[in-house]
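Next come the chains, spelled out residue by residue.
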There are 2 protein chains.
Amino acid sequence: MNKTVTHSVPARGPADHEVRDQIVAAATEHFSRYGYEKTTVSDLAKAIGFSKAYIYKFFESKQAIGEMICANCLRQIEAEVRAAVDEADRPPEKLRRMFKAIVAASLRLFFQDRKLYEIAASAATGRWQAALAYEERIRKLLQDILQEGRQTGDFERKTPLDETVMAIYLVMRPYLNPLLLQHSFDYTDEAPAQLSGLVLRSLSP
Amino acid sequence: MNKTVTHSVPARGPADHEVRDQIVAAATEHFSRYGYEKTTVSDLAKAIGFSKAYIYKFFESKQAIGEMICANCLRQIEAEVRAAVDEADRPPEKLRRMFKAIVAASLRLFFQDRKLYEIAASAATGRWQAALAYEERIRKLLQDILQEGRQTGDFERKTPLDETVMAIYLVMRPYLNPLLLQHSFDYTDEAPAQLSGLVLRSLSP
């Protein structure tokens, strides 16, 4: 009888994903105070109170931890953008809100904390998987809105869809990508309205 | 009689503008080899073979020399863009050529020589007068093409002209501004055609 209990409730430490989350949370805090580029895995281990070897059991490099932080950050931007888009009924208004939310969420997450910006910049410069996947999901969201607008008759259907998606993505890119966004602060107030106005004129049937 | 001759042909050195041009030419060469940021006016004086005091008679600072080099560089880009625009007859084609020429000329002048890029980047970051004036002239060229297209009936007239100019300028900006352009190399092949396509759809009457 005792044997059965021992088997079904084995003495165990936290699950792997819990440790990973713990490391990521501590690293996020540490990087946002001391910067990503300058911090080594040793510094991080010391700050968290883990051994370096223990951290390497869960992440193969500092970049792997940075990628996880970056992925979380981009997921949060994406969630805000999707929420803004979902609030609107018609495709033109969805597109307007998408522009507005991308600028607002990116500014807040990349620049409210200059140290986290560093991670986003490394992601964009180094073409990290998390950044590429995010760009792809944003393009997909854009494509969905365009397709819906073609079905409702709000948008023209002559231009190949791929071409429209790519061109509008290029218009949004300076506000999505932190490396570009840092040089666009002068325009972030007016750009969403002006660019979505231009894009909507280009889509009129 | 002799007196008159002495007066009309006084013994003189080179005119001020000649010395200025000579300093700018030598500085362009020097900066493009050794970089703008790292070079001091003393380094420059030594390299040219002038005294530092003599250079300061013509330019109040290193930035004043950099501004002159930058202005020359931007004038050259502008001349290429204007030449490309002038080759086309109709406003839509002018706009297409403007996009194409801006990307091509900016890439060539800012990036064929990474060291001169540094000056352009300082100009953009520091909002040098030469960079601001260039942006203003590009906006004016854009406005002239749009106005012409409104007159010929090629472009719509409902949207306020100012708004159209500003929105299209924002679309071009990532390819005009060297700080943005350096992060857009992946798109410089396709962007001119895709963005001018989108812009022309937005302008259709």
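So, here's what we can say about the structure. Keep in mind it's a predicted model, so treat the numbers as computed, not measured.

About the criteria used
- Residues numbered from 1 in each chain as written.
- Chains lettered and ligands numbered in written order.
- Predicted model: local features only at pLDDT ≥ 70, side-chain atom pairs only at ≥ 80, totals over all residues.
- Heavy atoms only, no water.
- Axes fitted to C-alpha atoms, helices over the stretch in contact; angles between N-to-C directions.
- Helix = DSSP H or I, 4+ residues; strand = E, 2+ residues; numbered from the N terminus.
- Parallel < 35°, antiparallel > 145°, perpendicular 65-115°, else oblique.
- Contact = heavy atoms within 4.5 Å.
- Nonpolar A, V, L, I, M, F, W, Y, C, P; charged D, E, K, R; others polar.
- Phe/Tyr/Trp six-rings, centres within 6.5 Å; stacked < 30°, edge-to-face > 60°.
- Buried < 20%, exposed > 50% of the residue type's maximum accessible area, 1.4 Å probe, protein only.
- Buried area = accessible area lost by both parts, 1.4 Å probe.
- Salt bridge = Lys/Arg side-chain N within 4 Å of Asp/Glu carboxyl O.
- Polar contact = N/O pair within 3.5 Å; in protein donor to acceptor, adjacent residues only side chain to side chain.

All names here are of chain B. At a minimum axis separation of 11 Å, helix 9 (residues 161-176) and helix 11 (residues 191-203) run at an interaxial angle of 170°. Judged on the interaxial angle alone, helix 11 and helix 9 are roughly antiparallel. Residue-level contacts link Thr164, Ile168, Val171 and Tyr175 of helix 9 to Ala191, Leu195, Val199 and Leu203 of helix 11. Considering only residue class, the contact of helix 9 with helix 11 consists of seven nonpolar, one polar and no charged.

Let's shift gears to the packing of aromatic side chains. Residues and elements named next belong to chain A. As enumerated under the stated definition, the model contains 14 aromatic pairs over all chains in all. For the pair tyrosine 36 and tryptophan 128, a centre-to-centre distance of 6.0 Å together with 70° between the ring planes defines the contact as edge-to-face. With tyrosine 36 in the loop between helix 2 (16-34) and helix 3 (41-48) and tryptophan 128 in the loop between helix 7 (114-125) and helix 8 (129-152), this pair connects stretches of sequence that are 92 residues apart. A residue is classified by how much of its surface remains accessible, and tryptophan 128, at 4% relative accessible area, is buried. Ring centres of tyrosine 54 and phenylalanine 58 lie 5.1 Å apart, and the angle between their planes is 70°; on these two criteria the pair is classed as edge-to-face.

Time to look at the interface of chain B and chain A. Counting residues at the interface gives 28 residues for chain B, matched by 27 residues for chain A. Roughly 2600 Å² is buried in total at the junction of chain B and chain A, and carbon and sulfur atoms are behind 60% of that figure. Across the chain B-chain A interface, the total number found is six salt bridges. When the shortest N-O distance is used, the salt bridge between A:Arg127 and B:Asp186 registers 2.5 Å. Connecting chain B to chain A are seven residue pairs in polar contact (both at pLDDT 80 or more). Elements that contribute at least two residues to the side of chain B that touches chain A include exactly helix 9, helix 10 (178-181) and helix 11 of chain B. Ranked by the residues each element gives to the side of chain B that touches chain A, the list is headed by helix 9 of chain B, at eleven residues. Here the residues of the side of chain B that touches chain A sort into 14 nonpolar, six polar and eight charged.

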